[in-house]
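What follows is each chain in one-letter form.
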Amino acid sequence: TVADLKGLKQGQLRLAVITTAKYFIPRLLGPFCQLYPGIEISLQVTNHERILERMLNNMDDLYILSQVPENLDVNYEPFLDNPLVVFAPVNHPLAKEKNIPIKRLTNEPFIMREPGSGTRRAVQKLFDQHGVKVKVKLELGSNEAIKQAIAGGLGISVLSRHTLMPDSSEFAILDIEHFPIKRTWFIGYPSGKQLSIVARTYYEYLLEATKKFVEETGYCTNSPADEV
Ligand code: PGA
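All values derive from a computational prediction rather than experimental measurement. (Residues numbered from 1 in each chain as written. Predicted model: local features only at pLDDT ≥ 70, side-chain atom pairs only at ≥ 80, totals over all residues. Heavy atoms only, no water.)

Some points on the sheet that holds strand β5 (residues 84-89)
As summarised here, the arrangement of the three strands in space is β8-β5-β9, forming an open sheet in which the pairing is antiparallel. Looking at strand neighbours, the two that pair on one side only are β8 (157-160) and β9 (171-174), the edges of this open sheet. Across this sheet, the average inter-strand angle for adjacent strands is 50°, counted without regard to direction. As paired strands, β5 and β8 are joined by four bridges and run antiparallel to one another. The residue bridging Leu 84 from the neighbouring strand is Ser 160, located in β8. Relative to β8, helix α4 (residues 143-151) is tilted by about 135°, and along the sheet it contacts β5, β8 and β9. (Pairing = 2+ DSSP bridges. Helix = DSSP H or I, 4+ residues; strand = E, 2+ residues; numbered from the N terminus. Axes fitted to C-alpha atoms, helices over the stretch in contact; angles between N-to-C directions. Contact = heavy atoms within 4.5 Å.)

Structure, rendered in C-alpha cells:
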C-alpha cells in the first residue's frame, strides 16, 4: 500500500526495554530513524517486572525482555544473546584463575540487583541450583551503579556482558563454572494486540538489522569463548 512506501511511514513508536537492552537498542535506532524520518520514538528502560506491568497495561507498542512471561500470551521472537557473566575489578585475585568452582563465590562480597530484576532472578536461580549462598553486601537498582561499585572495590557481581561495552579496561570477567548464564533477548507484544504499521516495521527492522550487525561484528554471543 501507499502507506508502506519508505519515507511515508509516520507516527509514534513506543518501546519498553529491560535495562540490559539499553546498551544495544539505541545504536540501531539511528539507522532506523534515517530510513523513516517521520517516525517518532519513545524508549522506556526499566526492569523485568516493570516491563511485565507495562505489558499488562498495554502501555507500549513493543517490548524487549530476556524472559517470556509465563502467564500472559505473547507473540515474540528471539533476536540476540544476552549472556550473564561474573564481573570483578581488573586486579581481583580470581581474575587470573581458570575453571573456578562456583562455590568459590560464597566467600566473595556480592553486589546484587534489586528485586524485580530479571538479572537477579537468573542469578538467584543458578545459585540455588548449586547451593551457593553469596554474601550480599549491597543491593543496587542499576547496572551502571553496580559497575561503579565493582570498580570501587566493593565486591563482585553478575551482569549482562552487554553492560561492559565499550569500557572494559576496569573489569575482569571471572572464569567461573556454569557461566555465562545463557540468555536471549526477545522482542514481543501481547497476542491480541493489533500492531501499527510503524510497530510492525520496527519489529522486522530489528530482527533484520541485528542479524546483519552480528554477522558483521561478531557482537556478543552466549559462547564462553566470546571476547569482549
Ligand atoms: P533486568 O533485566 O533489568 O530486569 O535485570 C535484564 C535482563 O533480564 O536481561
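Some points on the pairing of β5
A large share of β5 lies buried, amounting to six of its six residues. Inspection of the sheet shows β5 paired to β9 by four bridges, in the antiparallel sense. Bridge pairing links Phe 87 to Ile 173 in β9. (Buried < 20%, exposed > 50% of the residue type's maximum accessible area, 1.4 Å probe, protein only.)

Looking at the packing of helix α1 (residues 25-35) against helix α5 (residues 197-217)
Contact geometry for α1 and α5: axes closest at 11 Å, N-to-C directions at 120°. Taken together, the axes of α1 and α5 are oblique relative to one another. Classified by chirality, the crossing of α5 by α1 is right-handed. Of the residues in α5, those touching α1 at Ile 25, Arg 27, Leu 28, Leu 29, Pro 31, Phe 32 and Leu 35 are Thr 201, Tyr 202, Tyr 205, Leu 206, Ala 209, Thr 210 and Phe 213. Looking at the contact of α1 with α5 residue by residue, the classes come out as eleven nonpolar, two polar and one charged. (Parallel < 35°, antiparallel > 145°, perpendicular 65-115°, else oblique. Left-handed = near helix turned anticlockwise from the far one by under 90°. Nonpolar A, V, L, I, M, F, W, Y, C, P; charged D, E, K, R; others polar.)

Examining the site of the ligand
Neighbouring the ligand are Ile 18, Thr 19, Thr 20, Asn 47, His 48, Ser 66, Asn 82, Arg 113, Ser 117, Gly 118, Thr 119 and Arg 183. Note that an oxygen atom of the ligand is positioned 2.7 Å from one of the backbone N or O atoms of His 48. The separation between an oxygen atom of the ligand and a polar side-chain atom of Arg 113 is 2.9 Å. Relative to its unbound accessible surface of 280 Å², the ligand loses 100% to contact with the protein. Split into classes, the residues belonging to the shell around the ligand amount to one nonpolar, nine polar and two charged. (Near = heavy atom within 4 Å. Polar contact = N/O pair within 3.5 Å; in protein donor to acceptor, adjacent residues only side chain to side chain. Areas by Shrake-Rupley, 256 points an atom, 1.4 Å probe, with all protein chains shown as cover.)

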